[in-house]
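Residue-level structure breakdown
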Amino acid sequence: MEEEEGPCSSTNATQVKAPVEREEKTEVEEDDKLSLLTWNIDGLDGEEQPQRARGLCSYILEYSPDVVLLQEMVQPYIRFMHKRLATNYTFIEGGEIGYFTTMLLKKTRVTLLDSKILPFRYSRMMRNLLIAQVMFRGQKVCLMTSHFESCKDNSGERMRQFNAVIKRMSMAPDDFTVLFGGDTNLRDYEVATVEIPVSICDLWEQLGEPEKCRYTWDTWANTNKEMRFKNRLRFDRVYLRRAVKDGVPRMEPHSMALVGLERLKCGRYTSDHWGIYCTFSFE
């Protein structure tokens, strides 16, 4: 992950908070909700990789999300996760060499209809858009994940990728709900220059901009990376486009929490990013 030009204000020097506890729900209520975890797992970091891979699997088993969207996946992680999660999850990989994105779909809850990989033509970092069309409890959902171009100097290509995703979300069939989650590397001032259709919402904004979920890359709190300047940024984001066809239930955001906030026994965190765990209901 790149360094920024200068340090943040002193108000940023906070300690890691305990994970947000999920509300107790009845089994029926939970069954009606779609749960999603998106996380840049920093597979390129070789430090304490086995322990961190075990930590990742533990979080997935604990939260048991219907959909998992992962960025910076590498082959050692894939092999490790297959052994522990393939019984319960369908794996869709956005590449094979270097690092790539991956989706996991819970077999008992999500049915895969189709998937495809759309390369970003001008990316210098092998970035692409991974798309899967699925069925969830009778509802059509289009899932998307990506890892946008990194580094501040690559703002132009990152914005091109962001605009391409927004266009894809807008063009999806009107009886599909569309969910995008990933490491966008976006700065707020970049997003402000994009005309996002009113049909597409930012999950964090839709839920009232909860402060405890604002920063997903926080080098004040997360010490996996030694950075010359400390920063707190909202690189990881979730976007929703509800189905617009008459008679199709509308998806509504229900909750959002950051995960991965605990240190592992090895002294490191699962990733240099926090993950985002969120739930949605159909109304």
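Rules and cut-offs
- Residues numbered from 1 in each chain as written.
- Predicted model: local features only at pLDDT ≥ 70, side-chain atom pairs only at ≥ 80, totals over all residues.
- Heavy atoms only, no water.
- Pairing = 2+ DSSP bridges.
- Helix = DSSP H or I, 4+ residues; strand = E, 2+ residues; numbered from the N terminus.
- Axes fitted to C-alpha atoms, helices over the stretch in contact; angles between N-to-C directions.
- Contact = heavy atoms within 4.5 Å.
- Buried < 20%, exposed > 50% of the residue type's maximum accessible area, 1.4 Å probe, protein only.
- pLDDT = per-residue confidence, 0-100.
- Salt bridge = Lys/Arg side-chain N within 4 Å of Asp/Glu carboxyl O.
- Expected span 1.5 Å × (residues − 1).
- Polar contact = N/O pair within 3.5 Å; in protein donor to acceptor, adjacent residues only side chain to side chain.
- Core = buried A, V, L, I, M, F, W, Y, C linked by side-chain atoms within 4.5 Å.

**Quick word on the sheet that holds strand 5 (residues 110-119)**
What holds strands together in a sheet is hydrogen bonding between their backbones, with the strands either parallel or antiparallel. What the 6 strands build is an open sheet, ordered 5-6-7-8-12-9; its pairing is mixed. Each edge of the open sheet is held by one strand with a lone partner, namely strand 5 and strand 9 (200-202). Taking each pair of neighbouring strands and ignoring which way they run, the sheet shows an average axis angle of 20°. Relative to strand 12 (residues 236-241), helix 4 (residues 155-171) is tilted by about 25°, and along the sheet it contacts strand 5, strand 6 (128-136), strand 7 (139-146), strand 8 (177-183), strand 9 and strand 12.

**A short note on the side chain of D45**
Considering the arrangement of structural elements, one finds D45 in the loop between strand 1 (33-40) and helix 2 (49-63). For D45, a relative accessible area of 10% puts it in the buried group.

**Quick word on the confidence of the model for the protein**
Detailed reading of predicted coordinates is not advised where the pLDDT is low. Per-residue confidence for the protein averages 91 on the pLDDT scale, and 90% of its residues sit at or above 70. This model gives residues 1-26 a pLDDT under 50, and the stretch forms 59 contacts once residues within four places in sequence are excluded.

**Observations regarding the pattern of salt bridges**
Taken as a whole and assessed by the stated rule, the structure comprises 16 salt bridges. As a salt-bridge pair, D31 and R109 come within 3.6 Å of each other at their nearest N and O atoms. Highlighted residues: D31 in helix 1 (residues 27-31) and R109 in the loop between strand 4 (100-106) and strand 5, separated in sequence by 78 residues. Judged by its relative accessible area of 30%, D31 falls in the partly exposed class. Notably, a salt bridge pairs R214 with E211, separated by 3.0 Å at the nearest N-O pair.

**Regarding helix 2**
With 15 residues, helix 2 should reach 21 Å at 1.5 Å per residue; the first-to-last C-alpha distance of 21 Å fits that figure. Residues of helix 2 that are buried: Q49, R52, A53, G55, L56, C57, Y59, I60 and Y63. One or two positions beyond helix 2, positive phi appears at S64, with a value near 50°.

**So, the environment of A86**
Assignment of secondary structure puts A86 in the loop between helix 3 (75-85) and strand 3 (89-93). A86 sits 18 residues away from L104 along the chain, and the two C-alpha atoms are 9.0 Å apart.

**Quick word on the sheet that holds strand 3**
The strand order 3-4-2-1-14-13 describes an open sheet built from 6 strands, whose pairing is mixed. Either end of the sheet is taken by a strand with one partner, and the two such strands are strand 3 and strand 13 (251-259). The sheet shows a mean angle of 20° between the axes of neighbouring strands, taken without regard to direction. In this structure, strand 13 lies alongside strand 14 (residues 275-282), joined through 8 bridges in antiparallel fashion. Bridging from a neighbouring strand, S255 pairs with T279 of strand 14. On top of the sheet, helix 2 reaches strand 1, strand 2 (67-73), strand 3, strand 4, strand 13 and strand 14; it is set at about 170° to strand 1, its chief contact. The strands that helix 3 touches are strand 2, strand 3 and strand 4; relative to strand 3, the one it contacts most, it runs at about 165°.

**Some remarks on the side chain of S150**
Checked against the element boundaries, S150 lands in the loop between strand 7 and helix 4. Classification of S150 as buried rests on a relative accessible area of 11%. Separated by 3.2 Å, the side chains of S150 and R127 make a polar contact. In this structure the side chain of S150 is engaged in a polar contact, spanning 3.2 Å, whose partner is the side chain of N185.

**Notes on the nonpolar core**
Among the nonpolar cores identified, the biggest contains 31 residues, and L36, L143, L179 and F280 are the most heavily contacted of them. At 4 residues, the largest contribution of residues to this core is made by strand 6. Contact partners of L179, with chain neighbours within four places excluded, come to L34, L36, C142, L143, M144, V238, Y239, L240, M251 and F280. Of all hydrophobic cores here, the second largest spans 26 residues; its members include I78, F80, Y99 and L104.

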